[in-house]
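# Reading the structure
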Amino acid sequence: NVLFDIDGTLLNSEYYSLLSLQEAISFTHKKIIPIKQLKIISSWPVEKVTKKYEISDVIWNKCYEKYKNKVVPFMGISYTIEKLLEQQYNVGIVT
């Protein structure tokens, strides 16, 4: 059995997640934090990020909505999944 996470494993979503976080912080606190500075916390759990920057996850999700259609799979993911299925692995996706 092989399980994949979606964000950051199958989908290259980091940049748009950080961009939407930047917008949520700007909306809430009227200040811009550079993406480079936000990248440091990209591996943190959502709860820790929202607490640190005192933003609502609802606002962050609203900001992310406009970018979700721009997120694409990492190169080679389709091929990898096809090969696993050809070798009769059970493949699943979790989030």
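Anything mentioned here points back to the structure above.
An account of the accompanying structure is given in this report.

Parameters at a glance
- Sequence order as written defines residue numbering, which begins from 1 separately in each chain.
- Side-chain atom pairs in this predicted model are given and counted only at pLDDT of 80 or more, local residue features only at pLDDT of at least 70, and totals for whole chains, interfaces and linings cover all residues.
- Heavy atoms from the whole structure form the basis of all side-chain values; hydrogens and water molecules are not counted.
- By nonpolar core we mean a set of buried residues, namely Ala, Val, Leu, Ile, Met, Phe, Trp, Tyr and Cys, connected to one another through side-chain atoms within 4.5 Å.
- Exposure classes here rest on a 1.4 Å probe applied to the protein chains alone. A residue is buried below 20% of its type maximum, exposed above 50%, and partly exposed in between.
- Here a strand is any run of E in DSSP of at least two residues, a helix any run of H or I of at least four, and the numbering for each starts at the N terminus.
- Residues are treated as being in contact if the distance between any of their heavy atoms lies within 4.5 Å.
- We define a salt bridge as a contact between a side-chain nitrogen of Lys or Arg and a carboxyl oxygen of Asp or Glu at a distance within 4 Å.
- Where helices are involved, their axes are fitted lines through C-alpha atoms of the stretch in contact, as for all axes, and angles between N-to-C directions lie from 0 to 180°.
- In these notes the angle categories are as follows: under 35 degrees is roughly parallel, over 145 is roughly antiparallel, 65 to 115 is roughly perpendicular, and the rest is oblique.
- In a left-handed crossing the near helix is turned counterclockwise from the far helix by less than a right angle, and in a right-handed crossing that turn is clockwise.
- Three classes are used: nonpolar for Ala, Val, Leu, Ile, Met, Phe, Trp, Tyr, Cys and Pro, charged for Asp, Glu, Lys and Arg, and polar for all others, with Gly counted as polar.
- Here a polar contact is recorded for every N or O atom pair within 3.5 Å, except that within protein the pair must consist of a potential hydrogen donor and a potential acceptor, and residues adjacent in sequence are included only if both atoms are side-chain atoms.
- A pair of Phe, Tyr and Trp rings is counted when the ring centres sit within 6.5 Å of each other, with Trp represented by its six-membered ring. The angle between the planes then sorts it: under 30 degrees is stacked, over 60 is edge-to-face, the rest tilted.

Right, let's get into the nonpolar core. Residues Leu18, Leu21, Ala24, Ile25, Ile33, Leu38, Ile41, Val49, Tyr53, Ile55, Trp60 and Cys63 constitute the largest nonpolar core, which totals 12 residues. Listed by contribution, the elements that provide at least two residues to this core are α1 (14-29) and α4 (57-65). A total of 4 residues in this core trace back to one element, the largest contributor, which is α1. Leucine 21 has contacts with Leu38, Ile41, Val49, Ile55 and Trp60, leaving out every residue within four places of it along the chain.

Applying the stated criterion to the full structure yields 4 salt bridges. Lysine 39 is paired through a salt bridge with glutamate 14; the nearest N and O atoms lie 2.9 Å apart. Taken as a pair, lysine 39 in helix α2 (residues 35-39) and glutamate 14 in helix α1 lie far apart in primary sequence, 25 residues in all. Of the residues examined, lysine 39 reaches a relative accessible area of 45% and is grouped as partly exposed.

Now for the packing of α1 against α4. Remark: α1 packs on α4, axes separated minimally by 8 Å, with the N-to-C direction vectors making an angle of 125 degrees. If you check the angle between α1 and α4, you find them oblique. Helix-helix and strand crossings are classified by hand; for α1 and α4 the assignment is right-handed. Here Tyr16, Ser17, Ser20, Leu21, Glu23, Ala24, Phe27 and Thr28 of α1 lie close against α4, whose contacting residues are Ile59, Trp60, Cys63 and Tyr64. The residue makeup of the contact of α1 with α4, split by class, is 8 nonpolar, 3 polar and 1 charged.

A word on the environment of lysine 39. Separated by 25 residues in the primary sequence, lysine 39 and glutamate 14 place their C-alpha atoms 8.4 Å from one another. Aside from chain neighbours lying at most four places away, what touches lysine 39 is Glu14 and Leu18. Engagement of the side chain of lysine 39 in a polar contact is seen with the side chain of glutamate 14, the distance being 2.9 Å.

Another aspect to go through is the packing of aromatic side chains. Following the criterion strictly, the structure yields 2 aromatic pairs and no others. Between tyrosine 15 and tyrosine 16, the aromatic rings sit 5.3 Å apart at their centres with planes inclined by 70 degrees, giving edge-to-face as the arrangement. Owing to a relative accessible area of 46%, tyrosine 15 belongs among the partly exposed residues under this scheme. Between tyrosine 16 and tyrosine 67 the ring centres are 5.7 Å apart and the planes differ by 25 degrees, which places this aromatic pair in the stacked class. Of the two residues, tyrosine 16 is situated in helix α1 and tyrosine 67 in the loop between α4 and β3 (72-73); the sequence distance between them amounts to 51 residues. Judged on exposure class, the residue tyrosine 16 and its partner tyrosine 67 are both buried. A network of ring pairs unites the aromatic residues Tyr15, Tyr16 and Tyr67 as a single cluster.

Remember that the coordinates give geometry; whether it matters functionally is a separate question.
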